[in-house]
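Okay, here's what each chain looks like letter by letter:
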Amino acid sequence: MFSGLPNYFCLFFLSLLLCLITICLAGDPYIYYDWTVSYITASPLGVKQQVIGINGQFPGPILNVTTNWNAVVNVKNDLDEPMLLTWNGIQQRKDSWQDGVSGTNCPIPAGWNWTYEFQVKDQIGSFFYFPSLSFQRAAGGYGGITINNRKIISLPFATPDGDITLFISDWFIKSHKELRQDIENGVSLRAPDSILFNGLGPYRYDNALVSGGIAYLSVNVEPGKTYRLRVHNVGVSTSLNFRIQNHNLLLVETEGSYTVQQNYTSLDIHVGQSYSFLVTLDQNASSDYYIVASPRFVNSSGWSKSVGVAVLHYSNSQGPASGPLPDPPNESDTFFSMSQARSIRWNVSASAARPNPQGSFRYGEITVTDVFVLHNRPAELIEGKRRTTLSGISYLAPSTPLKLAQQFNVPGVFKLDFPNKMMNRPAKVDTSIINGTYKAFVEIIFQNNDTTVQSYHLDGYAFFVVGMDYGLWTENSRSTYNKWDGVARCTTQVFPGAWTAILVFLDNDGIWNLRAQNLDSWYLGQETYISVVNPETTDKNDVPLPANVIYCGALSPLQKDQAHRVNFSGAPSLKKPIKLIFVAFVLALIGSFMR
C-alpha cells in the first residue's frame, strides 16, 4: 500500500499522523479514585462512636490534583441511607450535574455507587469535600481538595518545604441522626463536646478540662523549614479562632485566590472557610508548641471545654508542650473579627490558574445589573414546624432535583420567582429559586438578623467580597465598598446584626446552590438556587446529561434498577478508551506505510 508514492510524500503523511497522535494524547490528565463511604468506629473524645469514613479513613483522603486535571471519583455508598458528596469551591464549569447537592443530583441510594467526573478548570488552591445530605457532615465524611499550580505558573512565594492539611471542627458525641432529630424537634444545638483536629480530640493541656487517654494530633516538622498549612473549618456551626503558639501565620491563599501576604498571630475561620498559611519553624525547640482552635462569638460557660488543641512537634524538641494556651482574641471586642476580615485582600499581581494576572478582571468597573438583598432571621414556626428562611422563604427540596426537572421539562417542581428583597408577607415554605441572567453582574447583600455568625456559600463561582459592616445595609453602604482588591472566594461570613456584600459574574451555565454553611440553618431551609441559562447556545455550553445519571422523584420510572448496584469496576472514563482506539488506528496506518 502506498508503495508507489514518492518518499517525501510518505514522510509528509507520517509526520501528519504523528502530529495527530500528539494532539490526541495531549489532553488534560485524568486521575482516578475509588472511594467507599461507610460507617467506621472511632473515639475522638475517648468514647467509641460511629463516624463516616472514606476507605476506612476519618477524615477522608486528600483529592490532590493540578489545574485543569480531570478527576474521576467512583463513590460507593455503604451507609444505611442515601448520600451525596459535594466539592466545596470546585466551580464545575458548565457541569452542575457533578455538584452533588439535592438540587442537581438524585441521592446515591444505600448499596449503590456513582461516578463523579469533573475538571478543576482554571482553579488553584485549598478546598474540601463533604456529604451534603441529612446532616451527615456532622459525622465526618469530609476530606481535603488540593489544586496545585501548573508548572508554567509560578507560586507568588518560595516553594514550601512541606504541605500540611488541617481540619478543624466542632464535634458532638451524639450521632448525626440524633442531632438531626433534635433539630427537627425544635431543639437547638448546644455547645459542642469539643473541637477536633483532623478527627482527633484535644491534647491534654489542662487535666481538669481534658480527660486522659484521648488521642491527639501531633504535627511533625523540621526546624528552620517553612510549611504550607491548609486549614479548613469543616464543622457544624462554630466559628473558630486558629493560632499556633509563638509562631506567625503568613496568609497566602483562601479558597482559590492568592492574598496580599500578611502576618497574623491568629485568624478567625468561619464554618465552611479554607485558608493557606506559610509557617516558618523559627523557634527554639525547648518544647513542643500548641496549635489551637477555640470557639468564637460565644459567651456561655458551657463552652469552656470546647477548645481544640494539637501539638507542633519539632524533630529536635526537648519536651512536651506545657503551660497556658496562647490567648484568644478578646470576646467582647466585636470589631476584631470584622476588621481582620476586611484586612484580607486579593493579590491582584499574582498569576494563578491562567497566565494572565488575576487583577486583569477589574470588577469595580463593571455595571451591576441585578441586586438581591437576602435577609435571614432566627428559626421560627412556619406551618407548625421550626424553619429558617432567606428573605422570608424556607427552601423545600423537591423529590425531583431542579436540574433534572429543567432537563426533562417536568412541570411544577420549582418556581423562578425568588424575590430581590424582603417581601411584606408571612414567611412560607416554598421551592423558589433565583432566575439568574446569563452574564449578569450581580450584587448580593446578606443581612444577618440572627444572633450568631452565619456563613454563606455559592456553588459554581468565586465571588468578590466587597464590603461588610454592622447595622442595616442601605444604598449608601456602597460608598464603603472595596472596588479594587476585595478577595474572590466561595464562602463568606456574616456577623450577627451585620451585613456582607458580594459581587458575582454569572457566566457559568447550570443550577447552583446558594446556602448557609451552618448545618442547622441549612437543614431547616436557609438556602436557594440560582438558575443560569445561556439563551443562545444552551446545548453547546451546558454539559449534556451524564450517561450514568440516577433518576428519582417524578423521573423514577426512567431508572434501570440494576444500573448502579455494581461493584467497583475500576474502568476508566470512556474518553481514554476512545483515545487508545484512535492511536491504534493511526499506528496501523503507519505500519502500512512501512511495508
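Because the structure is predicted, anything quoted here is derived from the model rather than measured.

This brings us to unusual backbone geometry. Negative phi characterises most residues that are not glycine, and trans characterises most peptide bonds. In this structure, Pro59 follows Phe58 across a cis peptide bond, with omega equal to -5°. Tracing the backbone shows Pro59 in the loop between β2 (49-54) and β3 (63-66). With a phi angle near 50°, Asn198 is a residue other than glycine that sits in the positive phi range. Considering the arrangement of structural elements, one finds Asn198 in the loop between β10 (194-197) and β11 (218-221). The class for Asn198 is buried, based on a relative accessible area of 17%. Non-glycine residue Asn246 carries a positive phi angle of around 65°. Examined against the element boundaries, Asn246 turns out to sit in the loop between β13 (240-244) and β14 (249-254).

For the coordinates displayed, the defined rule picks out one disulfide. Across the disulfide, Cys106 is cross-linked to Cys552 (sulfur-sulfur distance 2.0 Å). Handedness here is read from the sign of the S-S torsion; for Cys106 and Cys552, about -85°, the answer is left-handed. Taken together, the positions of Cys106 in the loop between β5 (85-88) and β6 (113-119) and Cys552 in the loop between α6 (538-541) and α7 (575-594) put the pair 446 residues apart, joining distant regions of the chain. Owing to a relative accessible area of 14%, Cys552 belongs among the buried residues under this scheme.

It is worth spelling out the packing of aromatic side chains at this point. Using the criterion set out here, one finds 30 aromatic pairs in the structure. Measuring from ring centre to ring centre gives 5.7 Å for Trp87 and Tyr129, while their planes differ by 50°; the resulting arrangement is tilted. With a gap of 42 residues between them, Trp87 in strand β5 and Tyr129 in strand β7 (residues 125-131) connect regions that are remote in the sequence. Grouping residues by exposure puts Trp87 and Tyr129 together as buried. With centroids separated by 5.8 Å and ring planes inclined at 35°, the aromatic side chains of Phe128 and Phe130 adopt a geometry described as tilted. Across the ring face of Phe297, the terminal group of Arg296 is positioned such that the distance to the ring centre comes to 5.0 Å.

Enumeration according to the criterion identifies 18 salt bridges in this entry. Close ionic contact of Asp268 with Arg296 constitutes a salt bridge, the shortest N to O distance being 3.0 Å. In this pair, Asp268 sits in strand β16 (residues 266-269) while Arg296 sits in the loop between β18 (289-295) and β19 (308-314), placing the two residues 28 residues apart along the sequence. With relative accessibility at 4%, the residue Arg296 sits in the buried group. The network of salt bridges with common partners includes Asp268, Arg296 and Glu331.

Spatially, the five strands line up as an open sheet ordered β11-β19-β18-β13-β16, and their pairing is mixed. Looking at which strands have only one partner, the edges of the open sheet turn out to be β11 and β16. Each neighbouring strand pair of the sheet contributes to a mean axis angle of 20°, computed without reference to strand direction. The pairing of β18 with β19 spans five bridges and is classified as antiparallel. Residue pairing in the sheet places Tyr290 in a bridge with Val311 of β19.

What counts, and where the lines are drawn
- Residues numbered from 1 in each chain as written.
- Predicted model: local features only at pLDDT ≥ 70, side-chain atom pairs only at ≥ 80, totals over all residues.
- Heavy atoms only, no water.
- Helix = DSSP H or I, 4+ residues; strand = E, 2+ residues; numbered from the N terminus.
- Buried < 20%, exposed > 50% of the residue type's maximum accessible area, 1.4 Å probe, protein only.
- Disulfide = S-S within 2.5 Å.
- Phe/Tyr/Trp six-rings, centres within 6.5 Å; stacked < 30°, edge-to-face > 60°.
- Lys NZ or Arg CZ within 6 Å of the ring centre and 35° of its normal.
- Salt bridge = Lys/Arg side-chain N within 4 Å of Asp/Glu carboxyl O.
- Pairing = 2+ DSSP bridges.
- Axes fitted to C-alpha atoms, helices over the stretch in contact; angles between N-to-C directions.

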